[in-house]
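Here is how the chains run, residue by residue.
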Amino acid sequence: MMKKEWFTSKELIAVDGLPSTTQGINKRARAENWKRRKRTGVQGRGVEYHMSSFPEFIQNSLRLKEDPAIYSPHVKPLDVWVSVYQELTEAEQDLIFKWVLRYGIRELINLITHFDDKNKS
């Protein structure tokens, strides 16, 4: 399984079988209706494309270029949370954001704790 699932146009330029410009990548993405999301932490129209949208030969090429996984026994919880949050759809991110704004993070923790206690029984 691949660690990285979302790629920018710039990252895809180097992949054989794809256009050699960001404009070409974006045009192909639109034509083939690639799954996309807005890049977090950037201003403007930056988007990323999900690898499941790419033709199989492109997916295979990306897998071959990926560095092997590095085991890290000291994973920071914030890094895990950010990774999980980024995998959510925009609608799911928006729902969580609105819930926390309305009820607060303490209520989210209470909800999770209650859910965890309920499932232990």
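If you're wondering where the values come from, they're calculated on a predicted model, not measured in any experiment. (Residues numbered from 1 in each chain as written. Predicted model: local features only at pLDDT ≥ 70, side-chain atom pairs only at ≥ 80, totals over all residues. Heavy atoms only, no water.)

Moving on to the packing of aromatic side chains. The description of two aromatic rings rests on the distance between their centres and on the angle between their planes. A full pass over the atoms with the stated rule returns 5 aromatic pairs. Each ring, one from phenylalanine 7 and one from phenylalanine 54, has its centre 6.2 Å from the other, and the planes form 55°; the classification is tilted. Placement of phenylalanine 7 in strand E1 (residues 6-7) and of phenylalanine 54 in the loop between strand E3 (47-50) and helix H3 (56-65) is noted, with a sequence separation of 47 residues between them. On the basis of relative accessible area, phenylalanine 7 is assigned to the buried category, the value being 6%. Between tryptophan 99 and tyrosine 103 the ring centres are 4.8 Å apart and the planes differ by 45°, which places this aromatic pair in the tilted class. (Phe/Tyr/Trp six-rings, centres within 6.5 Å; stacked < 30°, edge-to-face > 60°. Helix = DSSP H or I, 4+ residues; strand = E, 2+ residues; numbered from the N terminus. Buried < 20%, exposed > 50% of the residue type's maximum accessible area, 1.4 Å probe, protein only.)

Turning to a positive patch on the surface, a few remarks are in order. A surface patch of positive charge is lined by Lys27, Arg30, Arg36 and Arg45. Here lysine 27 is to be found in helix H2 (residues 22-31). Residue classification places lysine 27 among the exposed residues on the basis of a relative accessible area of 60%. (Patch = residues over 30% accessible without salt bridge, like charges linked within 9 Å, V, L, I, M, F, W, Y side chains within 5 Å. Areas by Shrake-Rupley, 256 points an atom, 1.4 Å probe, with all protein chains shown as cover. Salt bridge = Lys/Arg side-chain N within 4 Å of Asp/Glu carboxyl O. Lys, Arg positive; Asp, Glu negative; His and termini not counted. Charge placed at Lys NZ, Arg CZ, Asp CG, Glu CD.)

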